[in-house]
Amino acid sequence: MLNIHNTLSRSKEVFTPIEPGKVRMYVCGMTVYDYCHLGHARVMVVFDMVARWLRASGYEVIYVRNITDIDDKIIRRAGENGESIRSLTDRFIAAMHEDADALGVLRPDHEPRATEYVAQMQQIIDKLQANGLAYVAANRDVCYSVRKFKGYGRLSGKSLDELRAGERVDVAADKQDPLDFVLWKHAREDEPDEVKWDSPWGCGRPGWHIECSAMSSQLLGDHFDIHGGGQDLQFPHHENEIAQSEGAHGHAFVNYWMHNGFVRVDDEKMSKSLGNFFTIRDVLKQYDPEVVRFFILRAHYRSPLNYSDAHLEDARSALTRLYTALKNVPPAAGGVPDWEEPHAQRFRAAMNDDFNTAEAVAVLFELANEVNRGADAGLSAQLQALAAVLGLLGREPQAFLQGGSAAADGDLAGIEAQIAARIAAKKAKNYAEADRIRADLLARGIVLEDSAHGTTWRRA
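Residues numbered from 1 in each chain as written. Predicted model: local features only at pLDDT ≥ 70, side-chain atom pairs only at ≥ 80, totals over all residues. Heavy atoms only, no water.

Identification of the chain as Cysteine--tRNA ligase from Pseudothauera lacus is taken from an unreviewed UniProt entry. The Catalytic activity (unreviewed entry) field of the UniProt record for the chain holds the comment "tRNA(Cys) + L-cysteine + ATP = L-cysteinyl-tRNA(Cys) + AMP + diphosphate". Check the Sequence similarities (unreviewed entry) section of the UniProt entry for the chain; it says "Belongs to the class-I aminoacyl-tRNA synthetase family." (UniProt positions renumbered as here; feature names shortened; annotations may be inferred.)

Caption draft 1: Geometry of the overall build of the chain. The number of helices and strands found in the chain is 15 helices and 15 strands. For the chain, the spread of C-alpha atoms along the principal axes amounts to about 90 × 55 × 35 Å. Here the analysis covers contacts within the chain between residues at least 6 apart in sequence; of these, 73% occur between residues at least 24 apart. For the chain, the accessible surface area stands at approximately 19800 Å², while carbon and sulfur atoms represent 50% of it. Where the 53 positive side-chain charges of the chain centre and where its 66 negative ones centre are 3 Å apart. (Helix = DSSP H or I, 4+ residues; strand = E, 2+ residues; numbered from the N terminus. Contact = heavy atoms within 4.5 Å. Areas by Shrake-Rupley, 256 points an atom, 1.4 Å probe, with all protein chains shown as cover. Lys, Arg positive; Asp, Glu negative; His and termini not counted. Charge placed at Lys NZ, Arg CZ, Asp CG, Glu CD.)

Caption draft 2: Here's a closer look at the packing of aromatic side chains. A complete count under the given rule lists 16 aromatic pairs for this structure. Ring centres of Phe224 and Phe253 lie 5.3 Å apart, and the angle between their planes is 80°; this geometry places the pair in the edge-to-face category. Of this pair, Phe224 sits in strand β9 (residues 224-230) while Phe253 sits in the loop between α6 (234-249) and β10 (254-260), placing them 29 residues apart in sequence. Judged by relative accessible area, Phe253 falls into the buried class, the value being 1%. Taking the centre distance of 6.4 Å and the plane angle of 45° together, the rings of Trp339 and Phe347 count as tilted. In textbook terms, an aromatic cluster arises when at least three aromatic residues are bridged by ring pairs, as seen for Tyr26, Phe224, Phe253 and Trp257. (Phe/Tyr/Trp six-rings, centres within 6.5 Å; stacked < 30°, edge-to-face > 60°. Buried < 20%, exposed > 50% of the residue type's maximum accessible area, 1.4 Å probe, protein only.)

Caption draft 3: Region of interest: the packing of helix α9 (residues 309-328) against helix α11 (residues 357-374). At a closest axis distance of 9 Å, the pairing of α9 and α11 adopts a crossing angle of 40°. Of the possible angle classes, the one that applies to α9 and α11 is oblique. Seen along the crossing, α9 lies across α11 with a hand that is left-handed. For the pair α9 and α11, the contacting residues are Ala318, Arg321, Leu322 and Ala325 in the first and Leu364, Phe365, Ala368, Val371 and Asn372 in the second. A breakdown of the residues in the contact of α9 with α11 according to their chemical character gives seven nonpolar, one polar and one charged. (Axes fitted to C-alpha atoms, helices over the stretch in contact; angles between N-to-C directions. Parallel < 35°, antiparallel > 145°, perpendicular 65-115°, else oblique. Left-handed = near helix turned anticlockwise from the far one by under 90°. Nonpolar A, V, L, I, M, F, W, Y, C, P; charged D, E, K, R; others polar.)

Caption draft 4: The arrangement of the UniProt feature "binding site: ATP" (unreviewed entry) in the chain in detail. Within this numbering scheme, the UniProt entry marks Lys272 as carrying the feature "binding site: ATP" (unreviewed entry). For Lys272, the position within the fold is in the loop between β12 (268-269) and α7 (280-284). The residues contacting Lys272, other than those within four sequence positions of it, are Asp34 and Phe277.

Caption draft 5: Structural detail: unusual backbone geometry. The omega torsion of the bond from Phe235 to Pro236 falls at 5°, within 30 degrees of zero and hence cis. For Ala375, which is not glycine, the phi torsion reads 50° and is therefore positive. Note on placement: Ala375 falls in the loop between α11 and α12 (377-389). Phi is positive for Lys429, close to 60°, though the residue is something other than glycine.

Caption draft 6: Structural detail: the sheet that holds β9. Strand order in the open sheet made by the four strands is β4-β3-β9-β10, with parallel pairing throughout. In this open sheet, the two strands that pair with only one neighbour each are β4 (60-65) and β10. Taking the axes of each pair of neighbouring strands and ignoring which way they run, one obtains an average angle of 20° across the sheet. Relative to β4, helix α1 (residues 38-56) is tilted by about 165°, and along the sheet it contacts β3 (22-27), β4, β9 and β10. Across the sheet, helix α5 (residues 208-220) touches β3, β4 and β9, and the angle it forms with β3 is around 160°. (Pairing = 2+ DSSP bridges.)

Caption draft 7: Representation of helix α15 (residues 431-443) within the structure. End to end, α15 covers 18 Å across 13 residues, agreeing with the expected 18 Å (1.5 Å per residue, within 8%). Contacts made by the buried residues of α15 are with α14 (412-427) and β14 (446-451). Directly beyond the C-terminal end of α15, a positive phi value near 85° is found at Gly445. (Expected span 1.5 Å × (residues − 1).)

Caption draft 8: Region of the structure containing the state of the cysteines. Counting across every chain of the model gives zero disulfides. Counting only cysteine sulfurs, Cys212 is the nearest neighbor of Cys28, a cysteine outside any disulfide, at a range of 3.8 Å. You can call Cys28 buried: its relative accessible area is 6%. Cysteine Cys143 shares no disulfide, and the gap to the nearest cysteine sulfur, in Cys203, comes to 17 Å. (Disulfide = S-S within 2.5 Å.)

Caption draft 9: The confidence of the model for the chain, seen in detail. Averaged over all residues, the pLDDT of the chain equals 93, while 96% of them reach at least 70. Note that pLDDT drops below 50 for residues 165-170; the model gives that stretch 18 contacts with residues more than four away or on any other chain. A low-confidence stretch, residues 405-409 (pLDDT under 50), is modelled with 12 contacts involving residues beyond four sequence positions or located in other chains. (pLDDT = per-residue confidence, 0-100.)

Caption draft 10: Spotlight on the sheet that holds strand β6 (residues 142-144). Read from one edge of the open sheet, four strands run β5-β6-β7-β8, paired in antiparallel fashion. Looking at strand neighbours, the two that pair on one side only are β5 (134-136) and β8 (204-206), the edges of this open sheet. Taken over all neighbouring pairs, the strand axes of this sheet differ in orientation by 25° on average, direction set aside. As paired elements, β5 and β6 share three bridges and run antiparallel to each other. Looking at the pairing, Ala134 lines up with Tyr144 of β6.

Caption draft 11: Examining the pattern of salt bridges more closely. Under the criterion given, the structure shown has 37 salt bridges. Here Arg154 ties to Glu246 by a salt bridge, and the two come within 2.9 Å at their closest N and O atoms. With Arg154 in the loop between β6 and β7 (181-186) and Glu246 in helix α6, this pair connects stretches of sequence that are 92 residues apart. Residue Arg154 is classed as partly exposed on the basis of its relative accessible area of 38%. Taking relative accessible area as the criterion, Glu246 reaches 17% and is therefore assigned buried. (Salt bridge = Lys/Arg side-chain N within 4 Å of Asp/Glu carboxyl O.)

Now the structure itself:
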């Protein structure tokens, strides 16, 4: 039985889908004006894991993760670059897909672009105005009247008097209340024509929050199971989504709200101003993508994730231990977990406890220890099959174990030549030369492993 920590109730709840056997899930995706950073990596990997586990549990899942391709930052960046909005967003959507693919993130079932759903956004705004929850401000923006929605503040857990306008919510004298947020922005003369749409309120473009209300309701219905995103979106974005959607449709919007924790760098908040801001591409220049995925999944999704070279190196060493078990004991044919086996039962219990990947990964190491002790090909297959549920251990072990050092060394043939020279030195009983070659390779991060079947190598 799956239990999910619901941000709305601040407690774990038994998961009961609206439609038996089916799950509809929406996750707030990226605003595409730059390369994805580590925070984006965590969102992508975490909710990829959630979708994988739901499917492994037998649910039919419809997973939607949107793309924000109209936004103040996008308009500004395109202007700075002297390019069109579409050119900028297409380029960074392609880069996002490259990063996600590298991290083993499966594509969502739907990946809507905000600019394709402007008509649906206008329909919701029209309903809100008809319901007395939206008004045209003095500056001709259409705004949401927050104090008229009785449930505002439930998600963030704060009263209206405690709340302040969020980062992307303009505070202007034209509003009736500083907490009111923009649903439709009246067009400015200095903005390009490609960000202007006709509407009942004049030419303009949508506000940020209305985009997700429209895309989610269009693709999943106006009441669905799970809505996810980063913790930073809890307020104001998700709070405003609830106000918009429930204010327009008159009933519950989402049953379970999930938020992953922040990414920190050396125990400090990641930010460009602190100079500790890393794009996924920066990190993948130094670390294997599967190591980064493993690093993210090794922590519980709701806990803070502290990025540091030491933690990534530790993740690499840990993943190496798992792959080494598979290399030493090749898995038997199978590929599907045996859920009656004790390790699998503990793995399932961990995942059903609010997607506790930290405990699930611990089970993988218990299983790897059993594989090493008993040289059991069946348990090796179980290890591989359970890890596959998390999107891990999908490569040939030797490919992973040699991949990093080969990339760093840039000379696979040279490594093999030195191994051959060492074998020759040992045959000639020149053990000093054999030891020198081993030490030289080790200094370059290459570990030699001798067995009855010969000598293999892996990265340190």
